[in-house]
Amino acid sequence: MPLKLSNPIHFGNFVVNSQIFYVSRHSFAFVNLKPLMPGHVLVSPIRVVPRLADLSPPEVSDLFLAVQKVGRLVERLYSATALNIAIQDGRAAGQSVPHVHAHVIPRKDADLDSCGGSDAIYDMLDGEDGDLAKHQRERQRFPKPDETDRVARSDDEMAKEAEWLHKEMSKTEE
């Protein structure tokens, strides 16, 4: 059963309700339009603020508890042995959507050896592949064919993944 939300939830300027699989008091978790690795999801505060320092102490606490819970979930579901958890805090740090968000990326031993090793994930986050705002804008206007293996997913694909993750998250909360 998909997550039922009574109000639109925004990631920056983008409504992402169909991508959301977990909501807490101050935070939400949602599937990524163009994940860097299988299971790459995002966790963000419900209140749209650009920087981590803009959050209240209860929002910070809730955000990191949500990251922890979501991290355990995707690590289990994607048979990962580790996680990258990254926050690009501000434009100069590579933040492409001016809304605090944590990337939660399941990792396995040697999963990026072909790209130069496990630290290649940071270049991926900082590069064009990690530009979430650009991908959202292109998707909402005139999607261009992507000639790489990493293509933007459809609303239906993301909604199905969000529904599956929500169902799995519900199992862990029972």
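Just so it is clear, the structure is predicted and the values come from calculations on it, not from any experiment.

Enquirer: Mind laying out the side chain of E168, listing which residues take part and the relevant values?
Expert: Relative to the assigned elements, E168 resides in helix α4 (residues 155–173). With sequence-adjacent residues up to four places away left out, E168 is seen in contact with L73, R76 and L77.

Enquirer: Quick rundown of the environment of N32? Include the residues and the values.
Expert: With respect to the secondary-structure elements, N32 resides in the loop between β4 (27–31) and β5 (41–45). Note on N32: relative accessible area 1%, which makes it buried. Sequence separation between N32 and Q19 is 13 residues; the distance between their C-alpha atoms is 7.7 Å. Only 3.3 Å separates the side chain of N32 from the backbone nitrogen of K34, close enough to count as a polar contact. Among the polar contacts made by the side chain of N32, one reaches the side chain of H40 at a distance of 3.2 Å.

Enquirer: Hey, could you go over the nonpolar core for me, with residue numbers and the actual values?
Expert: A general tendency of soluble globular proteins is for nonpolar side chains to be buried together. Residues F21, Y22, V41, V43, V70 and L165 are the most contacted members of the largest nonpolar core, which totals 24 residues. If you list the elements that add at least two residues to this core, you get β3 (20–23), β4, β5, α1 (57–77), β7 (102–107) and α4. In terms of residue count, α1 provides more of this core than any other element does, seven residues in total. Excluding residues that lie within four positions of it along the chain, L165 makes contacts with F21, V31, V41, L73, L77 and Y78.

Enquirer: Just give me the short version of the pairing of β4, but keep the residues and values in it.
Expert: Here is the key point about a regular strand: its side chains alternate between the two faces of the sheet. Most of β4 sits inside the fold, with five of its five residues counted as buried. Burial along β4 is two-sided: S27, A29 and V31 and F28 and F30, pointing in opposite directions, are all buried. Here β3 runs beside β4; their pairing, made up of three bridges, is antiparallel. From the neighbouring strand, I20 faces β4, where its bridge partner is F30. Hairpin connection from β3 to β4: three residues lie between these consecutive antiparallel strands. By the bridge criterion, five bridges tie β4 to β5 in an arrangement that is antiparallel. For V31, the partnering residue across the bridge sits in β5 and is V41.

Enquirer: How would you summarise the sheet that holds β3 if you had to cite specific residues and measurements?
Expert: Reading across from one edge, β3-β4-β5-β7-β6 is the order of the five strands in this open sheet, with antiparallel pairing throughout. The sheet is open, and its two borders are formed by β3 and β6 (82–87), each paired with just one other strand. Taken pair by pair, the neighbouring strands of this sheet meet at an average axis angle of 20°, ignoring direction. Here α1 sits on the sheet and contacts β3, β4, β5, β6 and β7; the angle it forms with β5, its principal contact strand, is near 165°. Those strands touched by α4 are β3, β4 and β5, and its axis lies near 30° from that of β3.

Reading the values: rules and limits
- Residues numbered from 1 in each chain as written.
- Predicted model: local features only at pLDDT ≥ 70, side-chain atom pairs only at ≥ 80, totals over all residues.
- Heavy atoms only, no water.
- Helix = DSSP H or I, 4+ residues; strand = E, 2+ residues; numbered from the N terminus.
- Contact = heavy atoms within 4.5 Å.
- Buried < 20%, exposed > 50% of the residue type's maximum accessible area, 1.4 Å probe, protein only.
- Polar contact = N/O pair within 3.5 Å; in protein donor to acceptor, adjacent residues only side chain to side chain.
- Core = buried A, V, L, I, M, F, W, Y, C linked by side-chain atoms within 4.5 Å.
- Pairing = 2+ DSSP bridges.
- Axes fitted to C-alpha atoms, helices over the stretch in contact; angles between N-to-C directions.

In short, shape yes, function no, at least from these values alone.
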